[in-house]
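What the coordinates show
As a plain string of letters, each chain reads:
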Amino acid sequence: MCRSIKTLRPPALPEEATEDDIRAAALQYVRKVSGFHAPAAHNREVFERAVDEIADATARLLDGLEVRGAHPAAVRTREPRPAAVRTRSREPQPDAV
């Protein structure tokens, strides 16, 4: 998960995400997936096209989401898991397929 990408839907974002918010998230995603902070000249076109397509898909997703019962006061921060739980989750499960 790219940690610099923020949640763009309410209640995490108090108002509607702007085009700049959506494009910034798309850019961070493409940077993470490609492994390039800035593409070389020969990759610039495909890099920018990917950012545009992901930004469009993100805008469609946000337009289509229906958030029910969300209230800004109900936003919870994720509690860190205890070390014992983190260790257990990394151990292979005998019934894992």
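Look a little higher up for the structure.
Below, the structure is looked at part by part. This is a predicted model, so every value here is computed, not measured.

So, on to the overall build of the chain. Each helix and strand counted, the chain has 3 helices and 0 strands in total. Reading the helices (α) and strands (β) of the chain from amino to carboxyl end gives α-α-α. Expressed as a percentage of the 97 residues in the chain, the buried residues total 12%. A total accessible area of about 8300 Å² is found for the chain, and carbon and sulfur atoms account for 53% of it.

Compared with the 30 Å implied by 1.5 Å per residue over 21 residues, the 30 Å span of helix 2 (residues 44-64) between its first and last C-alpha is a close match. Every buried residue belonging to helix 2 is among Phe47, Val51 and Ala55, and all of these are buried. Buried residues of helix 2, viewed axially, fall in a sector of 70°; they line one side. Opposite its buried face, helix 2 presents the exposed residues Glu45, Arg60, Asp63 and Gly64, each directed more than 90 degrees away. The secondary structure elements touched by the buried residues of helix 2 are helix 1 (19-34).

Position of aspartate 63 relative to the elements: it lies in helix 2. Through-space distance from the C-alpha of aspartate 63 to that of arginine 9 is 9.6 Å; in sequence the pair is 54 residues apart.

Glancing now at a nonpolar patch on the surface. On the surface, Leu61, Leu65 and Val67 cluster together to form a nonpolar patch covering roughly 240 Å² of accessible area. Structurally, leucine 61 is set in helix 2.

Spacing of three or four residues puts side chains on the same side of an α-helix, whose turn is 3.6 residues. Under the 1.5 Å per step criterion, the end-to-end length of helix 1 is 22 Å for 16 residues, consistent within 8% with the ideal 22 Å. Of all the residues in helix 1, the buried ones are Ile22, Ala25, Ala26 and Val30. Here the buried residues of helix 1 occupy an arc of 135° about the axis, which is enough to place them on one side. Every exposed residue of helix 1 that faces more than 90 degrees away from the buried side is listed here: Asp20 and Lys32. Structurally, helix 1 contributes buried residues whose contacts are with helix 2. Within two residues after helix 1, glycine 35 carries a phi angle of roughly 85°, on the positive side.

Definitions and cut-offs
Residues numbered from 1 in each chain as written. Predicted model: local features only at pLDDT ≥ 70, side-chain atom pairs only at ≥ 80, totals over all residues. Heavy atoms only, no water. Helix = DSSP H or I, 4+ residues; strand = E, 2+ residues; numbered from the N terminus. Buried < 20%, exposed > 50% of the residue type's maximum accessible area, 1.4 Å probe, protein only. Areas by Shrake-Rupley, 256 points an atom, 1.4 Å probe, with all protein chains shown as cover. Expected span 1.5 Å × (residues − 1). Arc of directions from axis to C-beta. Contact = heavy atoms within 4.5 Å. Patch = residues over 30% accessible without salt bridge, like charges linked within 9 Å, V, L, I, M, F, W, Y side chains within 5 Å. Salt bridge = Lys/Arg side-chain N within 4 Å of Asp/Glu carboxyl O.

Don't take any of this as a statement about function, it's just geometry.
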